Amino acid sequence: MRKNPCAGLFFVFFKIGLFTFGGGYAMIPLIHCEAVEKQNWITEEEMLDLLAIAQSTPGAMAINSATYVGYKVGGVWGSAAATFGVVLPSLVIILFISAFYQQFRSNEWISYAFLGIRAGVAVLLLNAAIKFGKALKRSWFNAFLLTCAFCATVFFDFSTVLLIVAGACCGIARHVILSGRKNGEEK
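Residues numbered from 1 in each chain as written. Predicted model: local features only at pLDDT ≥ 70, side-chain atom pairs only at ≥ 80, totals over all residues. Heavy atoms only, no water.

Visitor: Can you help me understand the packing of helix H2 (residues 24-38) against helix H4 (residues 61-99) in this one?
Guide: Between two packed helices, the angle of one axis relative to the other and the distance separating the axes together describe the packing. Look at H2 against H4: their axes get within 8 Å of each other, and the N-to-C directions meet at 35°. Mapping the contact onto sequence places Gly24, Tyr25, Met27, Ile28, Ile31 and Ala35 in H2 and Met61, Ala62, Ser65, Val69 and Val86 in H4. The class makeup of the residues in the contact of H2 with H4 is 9 nonpolar, 2 polar and no charged. (Axes fitted to C-alpha atoms, helices over the stretch in contact; angles between N-to-C directions. Helix = DSSP H or I, 4+ residues; strand = E, 2+ residues; numbered from the N terminus. Contact = heavy atoms within 4.5 Å. Nonpolar A, V, L, I, M, F, W, Y, C, P; charged D, E, K, R; others polar.)

Visitor: Whenever I open this one, the packing of aromatic side chains confuses me. Can you help?
Guide: Per the counting criterion, the structure on display carries 6 aromatic pairs. Centre to centre, the rings of Phe10 and Phe11 are 5.2 Å apart; their planes meet at 80°, and the pair counts as edge-to-face. When its relative accessible area of 54% is taken as the criterion, Phe11 is described as exposed. Judged by centre distance (5.7 Å) and plane angle (25°), the rings of Phe10 and Phe14 are stacked. Of the two residues, Phe10 and Phe14 both sit in helix H1 (residues 6-19), 4 residues apart, roughly one turn of that helix. These aromatic residues form a ring-pair network of at least three members: Phe10, Phe11, Phe14 and Phe84. (Phe/Tyr/Trp six-rings, centres within 6.5 Å; stacked < 30°, edge-to-face > 60°. Buried < 20%, exposed > 50% of the residue type's maximum accessible area, 1.4 Å probe, protein only.)

Visitor: Hey, could you run me through the environment of Leu136 in this one?
Guide: On the secondary structure map, Leu136 appears in the loop between helix H6 (108-135) and helix H7 (140-156). Its relative accessible area of 31% is what places Leu136 among the partly exposed residues. Here the alpha-carbon distance between Leu136 and Glu45, two residues 91 residues apart in the chain, equals 8.7 Å.

Visitor: For this particular structure, what's the right way to read the state of the cysteines?
Guide: Between two cysteines, a covalent bond joining their sulfur atoms is known as a disulfide. With the rule as written, the count across this model stands at 0 disulfides. Summary of cysteine pairing: Cys148 is not part of a disulfide, and the nearest cysteine sulfur, belonging to Cys151, is at 6.9 Å. The thiol of Cys169 is unpaired, and the distance to the nearest cysteine sulfur, on Cys170, comes to 7.1 Å. (Disulfide = S-S within 2.5 Å.)

Visitor: Before we go on, may I ask you to explain the pattern of salt bridges in this structure?
Guide: Once their charged atoms are close, side chains differing in charge can pair, the charge on each being opposite to the other. The full count for this structure, using the stated rule, is 3 salt bridges. Here Lys15 ties to Glu34 by a salt bridge, and the two come within 2.8 Å at their closest N and O atoms. Pair noted here: Lys15 is in helix H1 and Glu34 is in helix H2, with a separation of 19 residues, a long-range link. Assessed through its relative accessible area of 6%, Glu34 is described here as buried. Here the salt bridges do not stand alone but share partners, grouping Lys15, Glu34 and Lys38 into one network. (Salt bridge = Lys/Arg side-chain N within 4 Å of Asp/Glu carboxyl O.)

Visitor: Is there a simple way to explain the nonpolar core in this structure?
Guide: For soluble globular proteins, the rule of thumb is that nonpolar side chains tend to be buried together. Counting 24 residues, the largest nonpolar core has Leu9, Phe13, Ile28, Ile31, Trp41, Met47 and Val69 as the members making the most contacts within it. For this core, the secondary structure elements donating two or more residues are H1, H2, helix H3 (44-56), H4 and H6. Take this core: its biggest share by element is 7 residues, from H4. Non-local contacts of Phe13, meaning those with residues more than four positions away in its chain, are made with Ile31, Trp41, Ala66, Val69, Ala82, Gly85 and Val86. (Core = buried A, V, L, I, M, F, W, Y, C linked by side-chain atoms within 4.5 Å.)

Take a look at the structure:
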């Protein structure tokens, strides 16, 4: 008899939500570690697809990711458990901080702590970029798209959603062109 995965999904995503500062992007390395490496809930390729979907759909990226993984593992109830697990810590922490906001805001030590947290978040994001860069298939096309997306983001503050749509269109166009060439060669 198969064990109900909802409790496991809830606790894994609760832990991710509890120990990740910096929002969705900072959670990605932890979601990758848990869902791909430790639990084997999804593959490396599915994780890359999940990132594209989670980024381009409405809502927070971490919540979209948790919902996707939860659904894949446990259906509708699994998605509910994973989503609730990742949201609950943030909800409780935000309620606590909002109750004592004025005291937190003026506390010098809290300000220093948040400066340190920001540095840690930057490292988490860099780590995620390196991991997913290594998992990306090596080709001139992917290198070209990656370079264009990087330049558009860094130098022109281009919208992430537009970059994802443009990347999808480029991928479809490349497939159509390559399919046309293969069909022409077969005739």
